[in-house]
Amino acid sequence: MTTAGRSLPRAAAPIELTIGGMTCASCASRIEKKLNRLDGVSATVNYATEKASVTLTDDTVTVADLIATVEKTGYTAQVPPPPRPAGETESGGEPVDELRGLRTRLWVSLVLTVPVIALAMAPALQFTYWQWLSLTLAAPVVVYGGLPFHRAAVVNLRHGAATMDTLVSLGTTAAFGWSLWALFFGTAGTPGMVHPFSFDISRSDGSGNIYLEAAAGVTLFILAGRYFEARSKRRAGAALRALLELGARDVAVLHGNTEVRIPVEQLAVGDRFVVRPGEKIATDGVVEDGTSAVDASLLTGESVPVEVGPGEPVVGATVNAGGRLVVRATRIGSDTQLAQMAKLVEQAQTGKAQVQRLADRISGVFVPVVIALAVATLGYWLGTGAGATAAFTAAVAVLIIACPCALGLATPTALLVGTGRGAQLGILIKGPQVLESTRTVDTVVLDKTGTVTTGQMTLVDIVAAEGEEPDEALRLVGAVEAGSEHPIARAIAASAAEQVGTLPTVGGFAGLGGLGVTGTVDGRDLVVGRERLLRDRGLELPESLAAARAEAEEAGRTAVLAGWDGRARAVFVVADVVRPTSVDAVAALRRLGLTPVLLTGDNTGVARSVGAELGIDEVIAEVLPAEKVDVVKRLQDQGRVVAMVGDGVNDAAALAQADLGIAMGTGTDVAIEAADLTLVRDDLIAAADAIRLSRRTLRIIKSNLFWAFGYNVAAIPLAAAGLLNPMIAGAAMAFSSVFVVANSLRLRGFRPLR
């Protein structure tokens, strides 16, 4: 159990703060700059995880100073509480739904906005006082639904910055404000007023034009995009909660000869506790009594259960697959390997490169330009003596046309269609921030156990001695192994039951911890297990079987010897076999321009054998979870953009560290939560499909953003010239929105490789 028992290297622990109030990547950049201006402070703020990681080299700076700096910047900060298992709350009550407020705003806005848009776009629905009903419905949307954008715009204004929130707030406020002026002081409030279909370009004083559908529609669409983004970001801490759930909840502690079951939190270093077959080991410790096979594959990646006995270390959260063990606790709580792994996952998530949303990057230039154009338009028309009404009409028109409805649809619709198509194909994409990485990925790191292999022990070969029938040997040995709980024994028994059918009855069965089993079948005394057990029982090992055993072990497989009537009769070769589609999957990944790397905690012989079968030249074996993270970092330091595919707890930190984390859906919750993409299909070729689909979705989003801005940019000169007819503005918005939706629907035609 040496691999499982090694301690993970400890990294210096930076101070972490949970940041509240960020609405875009530029917010994170602003906070980061403010923190880094403090003496002795090195800070990284991640918008995706809403956390700041701060390293202090000056003892005079305190956590309170850091929090105060963030608050002066216009945001909130606090030291995060320790993560709790999913569903558990501090007060013990119902879990808090952090998205409830945003979801309520979205539903209220949806219900109120639909009739506003319908009334504006369909003249047949425009009854005598329709404009006043539109005002009644649109006002709560703009004020209540758009409150997050208005609040963020005010914060940005105080710090001299402009983001998408500024554009949304300005545009919707301008549209709503002008509509109020036109209704109360212009001619728009006249009974019987309609917005007819008129596509001529002509100058208007704007007193009869209302833009309520634009104000409400833009608010709704952007709000929907923010909700789906927030729901995706909320999962950032789920990996840590899943890790906590992985450990045992209670433990049977020995007081003398009496067992007392207590919560695992009450366990102390030095306590002796009992682990029965099938139970999780409560914490890191050393075996004092008993022998067993421990399944550590989730934590270490070792596909073969590890035999442990007195004096050997074991790791918390691994599973006792064999006999009864008495373990003395050596590490508890935050000192355990499981807790260290949780820390690795959190550090990797926090350290991931910040993702700048395309709309925010564009808005950094677009928003100031639009505001400048609106002011210039106002000044120009006032200077030419056109009158205040015409001047304000033109200026407001510039702001309105510059706030495109399609921009709010560009990312959500493509993501909705893309993720929907992915779900049909067994691919789950967590959010828009995932897609950017897929475009530049050039290296794919593949975990072995459970990813390119099945993750389960399987009987792959039977080598029988001269004169013996393999089927008869399987029938006899399968009957004996059926009485054992060892995973290798179960693999042989399952194969025997499948190939032979009903197995004979076993008499005198006995399990010998770490060595094998014995039993009587059809009057024959069988000995099954290690070579040592057969020699101790006086069974001779023929040279042909010795050679078969050596060949199997050289290939990284497990050889089980079986004998009766004075000599060994057969060798059963058991292995974690490569999935049938893995070879094709590796070839598909190569065609996408990716270089495959096989990474595993298993031994070198097994890893090289699997690598050769898959055609992978770069094989890295016998690595711990922390070392997997180091391998990913080393590849990134070489300038590579790394995708990581894994399924176990031991892969979680590396999945979070990678530029693109891909989890097999048949793996652990921890791996799935730490990854960016999840493959529901139990098939590695879905990884190639996931990258193809993600790249296609990203291209669609980019083209959507281009056209969303393009239609409106083209109309800005008309608005500035005072020629923007309200129906042309409405038609441009509607057409750009329809185009974006239709463009996104092209993703429904995506076809998998097989």
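Predicted model, so just to flag it, every value in this text is computed and none were measured.

One open sheet holds the six strands; their spatial order is β16-β21-β20-β19-β18-β17, and the pairing between them is antiparallel. Among the strands making up the open sheet, the edge pair consists of β16 (453-464) and β17 (506-512). Direction aside, the axes of adjacent strands within the sheet are offset by 20° on average.

Let's shift gears to unusual backbone geometry. Positive phi, normally seen in glycine, also occurs at A317, with a value near 80°. Summarising the element assignment, A317 is placed in the loop between β11 (313-314) and β12 (319-320). For A317, a relative accessible area of 5% gives the class buried. The phi torsion at D522 lies on the positive side, around 50°, for a residue other than glycine. Topologically, D522 is positioned in the loop between β18 (516-521) and β19 (524-529).

Another point: the confidence of the model for the protein. The predicted model of the protein has a mean per-residue pLDDT of 79, with 81% of residues at 70 or higher. A low-confidence stretch, residues 1-12 stays under pLDDT 50, and its non-local contacts, those more than four residues away or across chains, total 40 contacts. For residues 351-356, every residue scores under 50 in pLDDT, and the model assigns this stretch 15 contacts once sequence neighbours within four places are set aside.

For the structure shown, the criterion picks out three aromatic pairs. Each ring, one from W178 and one from W181, has its centre 5.0 Å from the other, and the planes form 25°; the classification is stacked. One end of the pair is W178 and the other is W181, both in helix α7 (residues 164-184) and three residues apart, which spans about a single turn. Taking the centre distance of 5.3 Å and the plane angle of 75° together, the rings of Y380 and W381 count as edge-to-face. The exposure class of Y380 is exposed, given its relative accessible area of 52%. Positioned above the aromatic ring of Y144 is the side chain of R105, whose terminal nitrogen or guanidinium carbon lies 4.7 Å from the ring centre.

Strand order in the open sheet made by the six strands is β6-β5-β7-β13-β8-β11, with antiparallel pairing throughout. The open sheet is flanked by β6 (258-263) and β11, the only strands paired with a single partner.

As for its placement among the helices and strands, T318 is situated in the loop between β11 and β12. Residue classification places T318 among the buried residues on the basis of a relative accessible area of 2%. Within the structure, the side chain of T318 is placed 2.5 Å from the backbone oxygen of V315, a separation counted as a polar contact.

What follows concerns helix α20 (residues 543-554). Between the first and last C-alpha of α20 there are 16 Å, a value that for twelve residues agrees with the 16 Å anticipated at 1.5 Å per step. Among the residues making up α20, those that are buried are L545, A548, R549 and A552. Along the axis of α20, the buried positions cluster into a sector of 100°, meaning they face one direction only. Relative to its buried face, α20 has exposed residues pointing more than 90 degrees away, namely E543, E551 and E554.

As a further point, take the pattern of salt bridges. Pairing between side chains becomes possible if they bear opposite charge and their charged atoms approach one another. Under the defined criterion, the tally for this structure stands at 19 salt bridges. In this structure, R331 and D284 form a salt bridge, with 3.1 Å as the shortest nitrogen-oxygen distance. Of this pair, R331 sits in strand β13 (residues 325-331) while D284 sits in strand β8 (residues 284-289); the two residues are 47 residues apart in sequence, bridging distant segments of the chain. Residue D284 is classed as buried on the basis of its relative accessible area, which comes to 1%. By sharing partners, the salt bridges in this structure join E472, R475, D522 and R524 into a single network.

Right, let's get into the UniProt feature "transmembrane region" (unreviewed entry) in the protein. UniProt annotation of "transmembrane region" (unreviewed entry) refers to residues 106-123, 129-147, 167-190, 210-228, 362-382, 388-411, 704-721 and 727-745 when read in the numbering used here. For the annotated span residues 129-147, helix accounts for 89% and strand for 0% of the residues, and the straight-line distance between the end C-alpha atoms is 28 Å. Along residues 167-190 one finds 75% helix and 0% strand; the C-alpha atoms at either end are 31 Å apart.

Take the pairing of strand β21 (residues 567-578) next. The element β21 is largely enclosed, with a buried count of ten among its twelve residues. Where strand β20 (residues 558-564) meets β21, seven bridges bridge the pair, whose relative direction is antiparallel. By the bridge assignment, A562 is partnered in β21 with A570. Linking β20 back to β21 in an antiparallel pair, the connection comprises two residues, with D565 at a positive phi of about 55°.

So, on to the environment of A390. Secondary-structure assignment places A390 in helix α13 (residues 388-401). Each C-alpha atom, one on A390 and one on L378, is 8.9 Å from the other, the two residues being twelve residues apart in sequence.

This brings us to helix α22 (residues 604-614). Side chains of residues three or four places apart in an α-helix project in the same direction, reflecting 3.6 residues per turn. For α22, the complete set of buried residues consists of V606, A607, V610, G611 and L614. One side of α22 holds all its buried residues, which, seen down the axis, span an arc of 130°. Exposed residues lying more than 90 degrees from the buried face of α22 are R608 and A612. Contact partners of the buried residues in α22: α16 (448-452), β16, β21, α21 (582-591), β22 (595-599) and β23 (618-620). Following α22 by one or two positions, G615 has its phi on the positive side, about 80°.

The next point concerns the packing of helix α5 (residues 130-145) against helix α6 (residues 147-158). Look at α5 against α6: their axes get within 5 Å of each other, and the N-to-C directions meet at 45°. The angle between the axes of α5 and α6 places the two elements in the oblique class. Seen from α5, the contacting residues are V142, V143, Y144 and G145; seen from α6, they are L147, P148, F149 and H150. Of the residues belonging to the contact of α5 with α6, the class tally is six nonpolar, two polar and no charged.

What counts as what
- Residues numbered from 1 in each chain as written.
- Predicted model: local features only at pLDDT ≥ 70, side-chain atom pairs only at ≥ 80, totals over all residues.
- Heavy atoms only, no water.
- Pairing = 2+ DSSP bridges.
- Helix = DSSP H or I, 4+ residues; strand = E, 2+ residues; numbered from the N terminus.
- Axes fitted to C-alpha atoms, helices over the stretch in contact; angles between N-to-C directions.
- Buried < 20%, exposed > 50% of the residue type's maximum accessible area, 1.4 Å probe, protein only.
- pLDDT = per-residue confidence, 0-100.
- Contact = heavy atoms within 4.5 Å.
- Phe/Tyr/Trp six-rings, centres within 6.5 Å; stacked < 30°, edge-to-face > 60°.
- Lys NZ or Arg CZ within 6 Å of the ring centre and 35° of its normal.
- Polar contact = N/O pair within 3.5 Å; in protein donor to acceptor, adjacent residues only side chain to side chain.
- Expected span 1.5 Å × (residues − 1).
- Arc of directions from axis to C-beta.
- Salt bridge = Lys/Arg side-chain N within 4 Å of Asp/Glu carboxyl O.
- UniProt positions renumbered as here; feature names shortened; annotations may be inferred.
- Parallel < 35°, antiparallel > 145°, perpendicular 65-115°, else oblique.
- Nonpolar A, V, L, I, M, F, W, Y, C, P; charged D, E, K, R; others polar.

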